[in-house]
Amino acid sequence: MLLQLLTALAAVAGAACSLLAEGSGTGAISGILPFTAGGFIYLGTVSVLPEILRDSGPGQALLQLLALLAGVAMMLLIAYYE
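Not measured: the values here are computed from a predicted model.

Caption draft 1: Region of interest: the overall build of the chain. When its secondary structure is counted, the chain shows three helices and zero strands. Secondary structure of the chain in N-to-C order comes out as α-α-α. For 82 residues, the compact-globule formula gives about 12 Å, and the C-alpha radius of gyration of the chain, at 16 Å, lies well above that figure. With the C-alpha coordinates of the chain rotated into their principal frame, the extents come out at 50 × 40 × 10 Å. By residue count, 7% of the 82 residues in the chain fall in the buried class. Of the roughly 6,700 Å² that the chain leaves accessible, carbon and sulfur atoms contribute 77%.

Caption draft 2: Expanded view of the UniProt feature "signal peptide" (unreviewed entry) in the chain. Within the UniProt annotation, "signal peptide" (unreviewed entry) is assigned to residues 1–17. Spanning residues 1–17, this segment combines 94% helix with 0% strand, and its end C-alpha atoms are found 24 Å apart.

Caption draft 3: Broad picture of a nonpolar patch on the surface. A surface patch of nonpolar side chains, about 480 Å² in accessible area, is lined by Leu62, Leu63, Leu65, Leu66 and Leu69. Take leucine 65: it is sitting in helix H3 (residues 58–81). Taking relative accessible area as the criterion, leucine 65 reaches 36% and is therefore assigned partly exposed.

Caption draft 4: Inspection of the UniProt feature "transmembrane region" (unreviewed entry) in the chain at higher detail. The positions that UniProt labels "transmembrane region" (unreviewed entry) are, in the present scheme, residues 31–49 and 61–81. Taken end to end, residues 31–49 comprises 100% helix and 0% strand; its first and last C-alpha atoms sit 27 Å apart. Helix makes up 100% of residues 61–81 and strand 0%, and the two end C-alpha atoms of the span are 30 Å apart.

Caption draft 5: Representation of the layout of surface pockets within the structure. Here the second largest pocket is characterised by a volume of approximately 200 Å³. Forming the walls of the second largest pocket are Ala10, Gly14, Ala15, Cys17, Ser18, Ile32, Phe35 and Thr36. Going through the elements one at a time, helix H1 (2–20) and helix H2 (26–55) are the ones with two or more residues in the lining of the second largest pocket. Residue contributions to the lining of the second largest pocket peak at five residues, all from H1. Of the residues contributing to the lining of the second largest pocket, the split by class is five nonpolar, three polar and no charged.

Here is what the cut-offs are and how they apply
Residues numbered from 1 in each chain as written. Predicted model: local features only at pLDDT ≥ 70, side-chain atom pairs only at ≥ 80, totals over all residues. Heavy atoms only, no water. Helix = DSSP H or I, 4+ residues; strand = E, 2+ residues; numbered from the N terminus. Rg over C-alpha atoms; globule rule 2.2 N^0.38 Å. Buried < 20%, exposed > 50% of the residue type's maximum accessible area, 1.4 Å probe, protein only. Areas by Shrake-Rupley, 256 points an atom, 1.4 Å probe, with all protein chains shown as cover. UniProt positions renumbered as here; feature names shortened; annotations may be inferred. Patch = residues over 30% accessible without salt bridge, like charges linked within 9 Å, V, L, I, M, F, W, Y side chains within 5 Å. Salt bridge = Lys/Arg side-chain N within 4 Å of Asp/Glu carboxyl O. 1 Å grid on protein atoms, 1.4 Å probe; cavity = no way out; pocket = protein on both sides within 12 Å on 5 of 7 lines; lining within 4 Å. Points joined across faces, edges and corners; volume = space filled by probe spheres on them. Nonpolar A, V, L, I, M, F, W, Y, C, P; charged D, E, K, R; others polar.

Next comes the structure, spelled out in structure tokens:
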């Protein structure tokens, strides 16, 4: 429960930092966006890759990998057009 509390507090701190950095222009966004995208990619690979390797057939593994790559591509598109 202590770790859950710690992650919840980190989420609140991250939300507060993003609200404080909202008006500071592109300098803050250029530092926050790669950190956030890297966190999403890390969490996706940590949760998806073990399942692919453990109990998926080749077809299911390919679909999961394509879904992961589609999520990364969406983050790139959002970053490019933002």
